[in-house]
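# Descriptive structure summary
Spelled out, the chains give:
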Amino acid sequence: MPAYGPGPSSPDPRETALILAGRAWVRGRLEPIEVAIGQDGRIQSVGKIRSGAPRHDVGESVILPAATDVHVHFREPGGPDEVENLATGTVQAALGGVTLVGDMPNNPHSISDPERLEEKARLVPGRAAVDVLLYANPFGAAHPERLARHAGAFKLYLSPTTGISEVPDPAETDALLRRLADLDLPLAVHAEDPAGFVRGEPPGDPRAWDGARPPAAEMEAIDRLLAAPARLRLHVAHVTTAAAARRIRAAGLSFEASPQHLLLNERSGSDPRFKVNPPLRSEAERLALWEAFRHGEIPILASDHAPHSVEAKERPFDRAPSGMPGVETMLPLLLARVRAGELDLPTLIAAACDRPARWFGQPLGRIAPGHRANLIVVDFRARRPLSGRTLHAPCGWTAFEGMDAILPREHYRDGERLVEAGEFVGSARGRVVRPEYAPGPPGAGP
Ligand code: DOR
Ligand code: ZN
């Protein structure tokens, strides 16, 4: 026997392990078809499959690619009061149809050097249910070049927020952007310019929070980013207005919008559970952002899952932390909008599955040969109102309470079942991933 290659008991990766049969999202539409999944967890072929492998017919449900969420805060390593960790966060992701998350670096000790990044990476194997790409914070990093060799992406904060008190001044920002342009990693930016914040009475509700961190502060930060070197792979996080979306799109950069800014406004609730950075906006701004999303003008949907405990959110508004959970509800809320006829399925799949996976350079987000068999099964008839009590976030609450959602019935990771009948049945096989290829220009087209 040669000293290389698979041993006699290793399964032949060319052998089919499982066939999923039903209406599946292939070539940009739903088709009655069969999907063959190999022993290696990759999609082998799509069509009529001749094989004796186990066959699972999804009946009236549909088979879709699982989603990638480029923006979560799973808080590990964290402080004693955290209500999330990589294990709890990735189970919520799996239940919400999210198969890969990008975890942000605003831990209590910012992830700004390779040692901290390695420490965080060591927490993933054996604990994460889905794959994790780790962001590093380049501001204050002694060696962004060394960080770039280990991180999956960079995240730069231009304004203070949870865990971030120091931010670069404009000259430092410009210099850092030039330096990062030589490192071939995606860079997400929290774009609010503190110079545009309005000081006055301590804000007491989401409307006052919107007034204190207004859309103009977001636009000012975006304008600064547009002057960055063109070769920098820039992505603007949680854009809140259609005007900002138009400006970034015209410049050909990548960006995301989050369900809270698409579905909630500054009057959706008055308590600190509705406090987020950047703030919830007026109903007119929300509607314009939703229209842009509906028309496929927003390339990426991301949750900005940022849970805080009930106790922290019970503080007076101006002293409560910003952020809300969302990784379990992002795709289900939007699937319900598809069912209601308010959103097209191709637009949602492009923004939640295909483009974010490509932005992270992963073979995910499409049902096509060679891609990983990370798939979900959705029954569009199974629409239910959300409740913080039945969701899986340890914080125990959702700002989307009572809104319709369609949670996936099944979720497969590399062909292995993570979710069955809406329950988590998987194990912690998630791993740390880094970009495998550089995507082409973002554009918003499919
Ligand atoms: O609302 C937010 N919460 N915005 C951020 O920028 C950070 C996040 C958090 O980590 O809680
Ligand atoms: Zn965030």
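Data block above holds the structure.
Residues numbered from 1 in each chain as written. Chains lettered and ligands numbered in written order. Predicted model: local features only at pLDDT ≥ 70, side-chain atom pairs only at ≥ 80, totals over all residues. Heavy atoms only, no water.

### Digging into the overall build of the chain
Formally: Secondary structure elements follow DSSP: runs of H or I no shorter than four residues count as helices, runs of E no shorter than two count as strands, and numbering proceeds from the N terminus. Between the two quantities, the radius of gyration covers C-alpha atoms and the globule rule is 2.2 Å times the number of residues to the power 0.38. Only protein chains enter the accessibility calculation, which uses a 1.4 Å probe; a residue whose area is less than 20% of its type maximum is buried, one above 50% is exposed, and one in between is partly exposed.
Along the chain, the regular secondary structure elements total 12 helices and 18 strands. Here the C-alpha atoms of the chain give a radius of gyration of 21 Å, agreeing with the 22 Å that 2.2 N^0.38 yields for 446 residues. Seen through its principal axes, the chain has C-alpha atoms that stretch 70 × 50 × 45 Å. Counting the 446 residues in the chain, one finds 58% classified as buried.

### Let's talk about the coordination of the zinc ion (ligand 2)
In plain terms, the rule: Metal donors were taken as nitrogen, oxygen and sulfur atoms no farther than 2.8 Å from the ion, or 3.2 Å where the ion is Na, K or Ca. Water is excluded, so coordination may look unfinished.
The protein atoms donating to the zinc ion (ligand 2) are His71 (NE2), His73 (NE2) and Asp304 (OD), with metal-donor distances spanning 2.0 to 2.2 Å. Within one chain, the residues serving as donors to the zinc ion (ligand 2) are arranged as H-x1-H-x230-D. With His73 in the loop between β5 (67–72) and α1 (86–95) and Asp304 in the loop between β12 (300–301) and α10 (310–313), this residue pair connects regions lying 231 residues apart in the sequence.

### Structural notes on the side chain of Thr241
Note the following rule: In this description, contact between two residues means that some pair of their heavy atoms is separated by no more than 4.5 Å.
As for its placement among the helices and strands, Thr241 is situated in the loop between β10 (233–236) and α7 (242–250). Residues within four places of Thr241 in sequence aside, it is in contact with Pro215, Glu218, Glu285 and Leu289.

### A short note on the sheet that holds strand β7 (residues 131–136)
Put simply, the rule is: Two strands form a pair only when DSSP identifies at least two bridges running between them.
Taken together, the eight strands give an open sheet; going across it, the order is β5-β6-β7-β8-β9-β10-β11-β12, and neighbouring strands pair in parallel fashion. The two strands at the open ends of the sheet, each matched to only one other strand, are β5 and β12. Examined bridge by bridge, strand β6 (residues 98–103) and β7 share four bridges and lie parallel to one another. The residue of β7 that forms the bridge with Val101 is Val132.

### Observations concerning empty space enclosed by the protein
Gaps between atoms show up when a probe of the same size as a water molecule is rolled over them. The following threshold applies: Whether a set of points on the 1 Å grid over the protein atoms alone is a cavity depends on a 1.4 Å probe fitting there but being unable to get out, while an open set qualifies as a pocket with protein on both sides within 12 Å along at least five of seven lines; lining residues are those with an atom within 4 Å of a point. Grid points are joined across faces, edges and corners, and a volume is the space filled by probe spheres set on the points. Any residue outside Ala, Val, Leu, Ile, Met, Phe, Trp, Tyr, Cys, Pro, Asp, Glu, Lys and Arg is labelled polar, Gly included; the first ten of those are nonpolar and the last four are charged.
Summed over the entire model, instances satisfying the criterion amount to three cavities of 30 Å³ or more. Space inside the largest cavity adds up to approximately 140 Å³. His73, Thr161, Asn277, Asp304 and Ala306 are, among the 18 residues lining the largest cavity, the residues nearest its centre. Here the lining of the largest cavity is composed, by residue class, of four nonpolar, 11 polar and three charged.

### Some thoughts on the sheet that holds strand β4 (residues 55–65)
With mixed pairing, eight strands are arranged side by side in an open sheet as β3-β2-β1-β4-β13-β16-β17-β18. Two strands lie at the open edges of the sheet, namely β3 (43–47) and β18 (423–424), each paired on one side alone.

### A word on the site of ligand 1
Note the cut-off: We define proximity as follows: a residue is near a molecule or strand when any one of its heavy atoms falls within 4 Å of that partner. For the purposes of these results, a polar contact is taken to be a pair of N or O atoms within 3.5 Å, where, inside protein, one atom must be able to donate a hydrogen and its partner to accept one; residues adjacent in sequence count only when each atom of the pair is a side-chain atom. Note on areas: Shrake-Rupley, 1.4 Å probe, and residue coverage restricted to the protein chains presented here. By definition, a pocket or cavity contains a molecule when more than half of the molecule's atoms lie within 2 Å of the pocket's grid points.
All residues in the neighbourhood of ligand 1 are listed as His73, Arg75, Asn106, Thr161, Thr162, His190, Val276, Asn277, Ala306, His308, Ser322 and Gly323. A distance of 3.3 Å separates an oxygen atom of ligand 1 from a polar atom in the side chain of His73. One of the backbone nitrogen or oxygen atoms of Ser322 is found 3.0 Å away from a nitrogen atom of ligand 1. The protein chains hide 100% of the 290 Å² of surface that ligand 1 would expose on its own. Applying the majority rule of atoms within 2 Å of the grid points places ligand 1 in the largest cavity.

### Focus on the pairing of β6
For the record, the criterion: Classification remark: right-handed applies to a crossover when, strands pointing away from the viewer, the course from the first strand over the helix to the second runs clockwise.
Counting buried residues in β6 gives six out of six residues, a clear majority hidden from the surface. Since β5 and β6 lie parallel, the crossover through α1 that links them has a hand, and here it is right-handed.

### Points about the pattern of salt bridges
Note the threshold: Salt bridges are counted wherever a side-chain nitrogen of Lys or Arg sits within 4 Å of a carboxyl oxygen of Asp or Glu.
Per the counting criterion, the structure on display carries 29 salt bridges. Note that Glu31 is salt-bridged to Arg29, the shortest N-O span being 3.6 Å. Salt-bridge contacts for Arg231 lead to Asp182; the nearest nitrogen and oxygen are separated by 2.7 Å. Of this pair, Arg231 sits in the loop between α6 (215–225) and β10 while Asp182 sits in the loop between α4 (170–180) and β9 (186–190), and the two are 49 residues apart along the sequence. Accessibility assignment for this pair places Arg231 and Asp182 in one class, exposed.

### Brief notes about α7
Along an α-helix, residues three or four apart share an orientation, since each turn contains 3.6 residues. Threshold: The arc in question is formed by the directions pointing from the helix axis toward the C-beta atoms.
Those residues of α7 not exposed but buried are Ala242, Ala244, Ala245 and Ile248. Buried residues along α7 cover an arc of 155° about the axis, so they all sit on one side. Residues of α7 that are exposed and point over 90 degrees away from its buried face: Arg246 and Ala250. Contacts made by the buried residues of α7 are with α6, β10, β11 (254–257) and α9 (283–294).

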